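# Results of the structural survey
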Amino acid sequence: MTDIKEVSYEEIRHLVSDRALEGETMLLNMGPQHPSTHGVLRLLLELDGEKVVNCIPDVGFLHTGIEKNMESKTYQKAEVMTDRMDYMNPLGNNLTYVLAVEKLVGLDVPERAQAIRVILAELQRISSHLVWLGTSALDVAAMSVFLYCFREREQILNIFELVSGQRMMTTYFRPGGLWRDVPSGFEQAVREFLEVMPHRIDEYEALLTKNPLFLDRTLGIGSISAEDALNWGLTGATLRASGVSYDLRRFAPYSGYEQYDFEIPLRTEGDVYARYIVRILEMRQSLRIIEQALRKLPAGPVRSSNRKFVPPPRSEIGTSMEALIHHFKLWTEGFSAPQGSVYVATESPRGELGCFLESDGGPKPYRVHFRTPSFDNLQVLPKLSKGFLVADLVAIIGSVDIVLGDIDR
Amino acid sequence: MMSEKLSQHITSLVEKFEGTTAEFAGETTVIIPAERIESAARFIHDYLGFKFLSCLTAVDYYPQDEPRFHLFYRFNSIPEALSLNVRVPVSGINPSISTLEKVYSNANWHEREVYDLFGIKFEGHSDLRRLVMPADWQGHPLRKDYPLGYEEPQYTFNYEEISVRKPKGSRE
Amino acid sequence: MGVEQKLGEMGVVTARLEDVVNWGRTNAMWPMLFGLACCAIEMMSAQAANYDMSRFGMELMRPSPRQSDLMIVAGRVSRKMAPVLRRLYEQMPDPKWVIAMGDCASSGGVFNNYAVVQGVDEIVPVDVYVSGCPPRPEALIHGVVTLHEKVRKEKIKDWA
């Protein structure tokens, strides 16, 4: 178990330049334990002095076998695994998965549940962007931003804890609606957050947007053209910073996103700074969406009344024999889905998060695959980093906003 | 309620590449024979305008052998707001298919992942190594005949009993 | 506090070597900056302003194993990561301690499959297990304080 297999030079011969053979350039290992790789990413760098000639990412250090493991669980139980995939966006992962299940079995979701889903998904987007902002600013040596960002993040996590009892891995969205209705203090807590957050974003911007040290580290670094970005499958803010307006909330609206009025921030430079600006603007747009959703939050049930797929409320179990049978069936053998496959994509904080779900007619998914945004966003790193310094590489990794759990699954 | 444009695209694709279609949950999937996928992808990219490969994965239908695998592709056309699903059956005996890397650059890692987890070879791929599993790993985990690798949880009352059964070298 | 009475005319305090060394070790523990998965984010929260782990002498995260004496295994350990983790552990100078943070590091958690090591104690000796998925920052701090208590009780004959 403790043996590390040495990779022979022949195996990676085709990935490095001829100069490496003669010893003109140096091969250097960065990671998997490195403070700036945002997790357990390993990069094999070919360096000419301090300049990156080739960058060969090696992933899989966090491969968890989630896709295989989900095949052995019922549809409801498998959802627990999705939280832990992209751990900066647990609610977004839940949302993608439950949307896929709902499409597979043809389940309706009440209006109130959809509005709450939107509010929580947008809060999650802000919290994810806050972690990104804090850590990527830390990478370019701006320490204090991290402390401010985590202060606001705690406020969001408190809201999650309020509704679900857990700070991160909530599993709050369920096929057909929500786990239960939000408690009474929810709207108040979200309003308080909406009140402080715009000023807090101003504070971050005051620290970074016009900071000459920050500009020096980010302007013109790691740029990519729109055409290349599309061909490399980039999504999310990384793609929008190159000038392609692709946002799943507009492209294929889900959970009623078509009712909300928001803009898709765009830049054309495609460098590290543009990605920073796009994400900052996205946070502001998310606040707009939350405000609209909160204003129109309708009353009513939060779970579908289709008892074949959604467990009955506790109160019914004591009085109705049928409800008891449904409850028992759902929690022992689960529900069966018709044979077929669906693909559903949502806009995660990092880009297109897709769920491919195939059913063989039984109560367990036959095959689950997640098309994750970080996977494609990291893939382009060799292209982005070529010719830049090692210190710039760190800024570039920070700017594409990868989560290793999202890549390896 | 498929848009007219998408159904035109699908019809032209089916005619040109001897494909068939399948319907499920309001979406149409085009099934294309394995030997024609590369030219079909070029057609999809250059003529139909789907410039974005959004998903590439595989499904294993073990113990069925012919075809054992299905590859699933999803292409997006951003200006037209359309998505196209394509499936390609692949035989279970020496599974291989040509790569799409030259058309869609991001197919590179997706194909490496499929190779790693399903053991499907991609002809003409520039760097076909394992992606997520260690380089010396045996087998392809996402195949249906590969065990999940479940380890029995040990409690105080059955600790000894399970310890005996456990493979050597694991927890003492 | 209290030391003044014990100060003799020579300004010398006598104490047992064990106590002094253990006191020194507990109050300046340098954890290794080593995040694996979800728990790493909660570990960052514990470091940040709201929970402020530096109250326990833990603010200095060292990215290099050579400079650290505590490994917080924050997250699931895959089979590919296991040899790396072991090597990092071996690179740490003695004395060293390990906290298994979260269910995955303690027992494999919900991931009982081919890819995940069922508990990091299969690879390295663990001193404190912190439960939770992921544990709250308070839980991690509790784990750290528990480790401090354990270190304070260490005996000179066990140092080796």
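As the structure is a prediction and not an experimental result, all values here were calculated from the model. (Residues numbered from 1 in each chain as written. Chains lettered and ligands numbered in written order. Predicted model: local features only at pLDDT ≥ 70, side-chain atom pairs only at ≥ 80, totals over all residues. Heavy atoms only, no water.)

## A closer look at the overall build of chain C
Looking only at helices and strands, chain C has six helices and three strands in total. Reading chain C from its N end, one meets helices and strands in the order α-α-α-β-α-β-α-β-α. When its C-alpha atoms are laid out on the principal axes, chain C stretches across 65 × 40 × 25 Å. Within chain C, the fraction of its 160 residues that count as buried is 52%. For chain C, contacts bridging at least 24 residues in sequence account for 78% of all contacts bridging at least 6. Carbon together with sulfur atoms contributes 56% to the accessible area of chain C, which is approximately 7200 Å² in total. Each charge class in chain C can be summarised by its mean position, and for the 18 positive and 18 negative side chains these summaries are 5 Å apart. (Helix = DSSP H or I, 4+ residues; strand = E, 2+ residues; numbered from the N terminus. Buried < 20%, exposed > 50% of the residue type's maximum accessible area, 1.4 Å probe, protein only. Contact = heavy atoms within 4.5 Å. Areas by Shrake-Rupley, 256 points an atom, 1.4 Å probe, with all protein chains shown as cover. Lys, Arg positive; Asp, Glu negative; His and termini not counted. Charge placed at Lys NZ, Arg CZ, Asp CG, Glu CD.)

## What about the overall build of chain B?
What chain B contains, in helices and strands, is four helices and seven strands. Overall, chain B shows an N-to-C arrangement of helices and strands of α-β-β-α-β-β-β-β-α-β-α. A globule of 172 residues ought to have a C-alpha radius of gyration of about 16 Å, yet chain B, at 20 Å, is considerably larger. With the C-alpha coordinates of chain B rotated into their principal frame, the extents come out at 65 × 35 × 30 Å. (Rg over C-alpha atoms; globule rule 2.2 N^0.38 Å.)

## Digging into the pattern of salt bridges
Residues and elements named next belong to chain A. By the definition in use, this model includes 54 salt bridges over all chains. The closest approach of N and O atoms between Glu67 and Arg409, which form a salt bridge, is 2.9 Å. Separated by 342 residues along the polypeptide, Glu67 in helix 2 (residues 66–70) and Arg409 in the segment after helix 18 (404–408) bring together distant segments of the chain. Connected via shared salt-bridge partners are Glu122, Arg125, Arg240, Asp247, Arg249, Glu282 and Glu347. (Salt bridge = Lys/Arg side-chain N within 4 Å of Asp/Glu carboxyl O.)

## A few points about the interface of chain A and chain C
The partner chain C presents 40 residues to the 41 residues of chain A that form the contact. Summed over the shared surface of chain A and chain C, the result is three salt bridges. Residue Arg167 of chain A pairs with Glu42 of chain C through a salt bridge whose shortest N-O separation is 2.7 Å. Viewed at the interface, chain C and chain A are joined by 13 residue pairs in polar contact (both at pLDDT 80 or more). A total of eight residues in the side of chain A that touches chain C trace back to one element, the largest contributor, which is helix 6 (residues 143–164) of chain A. (Polar contact = N/O pair within 3.5 Å; in protein donor to acceptor, adjacent residues only side chain to side chain.)

## A look at the pairing of strand 1 (residues 20–24) of chain B
By the bridge criterion, five bridges tie strand 1 of chain B to strand 2 (residues 27–31) of chain B in an arrangement that is antiparallel. Bridge assignment links Glu23 of chain B to a residue of strand 2 of chain B, and that residue is Thr28 of chain B. (Pairing = 2+ DSSP bridges.)

## Section: the sheet that holds strand 1 (residues 26–30) of chain A
Residues and elements named next belong to chain A. In space, the three strands of this open sheet follow the order 1-2-3, with antiparallel pairing throughout. Strands at the two margins of the open sheet, each flanked by one partner only, are strand 1 and strand 3 (51–58). Strand-to-strand twist of the sheet, defined as the mean angle between neighbouring strand axes without regard to direction, takes the value 25°. Of the strand pairs in this sheet, strand 1 and strand 2 (residues 42–48) are connected by five bridges, and their pairing is antiparallel. If you follow Met26 over to strand 2, its bridge partner there is Leu47. The strands touched by helix 17 (residues 390–400) are strand 1, strand 2 and strand 3; relative to strand 2, the strand with the most contacts, the crossing angle is about 150°. (Axes fitted to C-alpha atoms, helices over the stretch in contact; angles between N-to-C directions.)

## Considerations on helix 6 of chain A
In a regular helix each residue adds 1.5 Å, so 22 residues correspond to 32 Å; helix 6 of chain A covers 32 Å between its end C-alpha atoms and thus fits that length. Positive backbone phi, approximately 90°, marks Gly165 of chain A, located one or two places after helix 6 of chain A. (Expected span 1.5 Å × (residues − 1).)

## Let's talk about the interface of chain B and chain A
With 50 residues of chain B at the interface, the matching set in chain A holds 47 residues. Both sides of the chain B and chain A interface together cover about 3900 Å² of buried area, and 60% of this is carbon and sulfur. Across the chain B-chain A interface, the total number found is four salt bridges. Its salt-bridge partner being Arg87 of chain B, residue Glu358 of chain A comes within 2.7 Å of it at the nearest N-O pair. If you tally residues by element for the side of chain B that touches chain A, the top one is strand 3 (residues 52–60) of chain B, at nine residues. Residues of the side of chain B that touches chain A, tallied by class, amount to 28 nonpolar, eleven polar and eleven charged. (Buried area = accessible area lost by both parts, 1.4 Å probe. Nonpolar A, V, L, I, M, F, W, Y, C, P; charged D, E, K, R; others polar.)

## Here's the deal with the environment of Gly222 of chain A
All names here are of chain A. You can see Gly222 is positioned in the loop between helix 8 (212–218) and helix 9 (226–231). Each C-alpha atom, one on Gly222 and one on Lys386, is 8.3 Å from the other, the two residues being 164 residues apart in sequence. Not counting the four nearest positions on each side in its chain, Gly222 is found in contact with Gly270, Asp271, Arg275, Leu384, Phe388 and Ile396.

## So, the sheet that holds strand 3 of chain B
Residue and element names in this part refer to chain B. In spatial order, the strands read 1-2-5-4-3; together these five strands make up an open sheet with mixed pairing. Whereas interior strands pair on both sides, the edge strands pair on one side only; in this sheet they are strand 1 and strand 3. Neighbour to neighbour, the strand axes of the sheet diverge by 25° on average, direction disregarded. Lying on the sheet, helix 1 (residues 4–16) is in contact with strand 1, strand 2 and strand 5 (82–90); it crosses strand 5 at an angle near 25°.

## Remarks on the confidence of the model for chain C
Close inspection of predicted coordinates is inappropriate for parts of the model with low pLDDT. On average, residues of chain C score 85 in pLDDT, and 92% of them are at 70 or above. In the model of chain C, helix 1 (residues 3–6) of chain C stands out as the element of lowest mean pLDDT, 63, in contrast to strand 3 (residues 128–130) of chain C, which has the highest, 93. (pLDDT = per-residue confidence, 0-100.)

## Describing the packing of helix 6 of chain A against helix 3 (residues 38–47) of chain C
For the pair helix 6 of chain A and helix 3 of chain C, interaxial distance at closest approach is 10 Å and the crossing angle is 115°. On the basis of the axis angle, helix 6 of chain A is roughly perpendicular to helix 3 of chain C. The two elements helix 6 of chain A and helix 3 of chain C meet at a crossing, and its hand is left-handed. Listed contacts from helix 3 of chain C to Phe146, Phe150, Arg153, Glu154 and Leu157 of chain A of helix 6 of chain A are Ile41, Glu42, Met44 and Ser45 of chain C. (Parallel < 35°, antiparallel > 145°, perpendicular 65-115°, else oblique. Left-handed = near helix turned anticlockwise from the far one by under 90°.)

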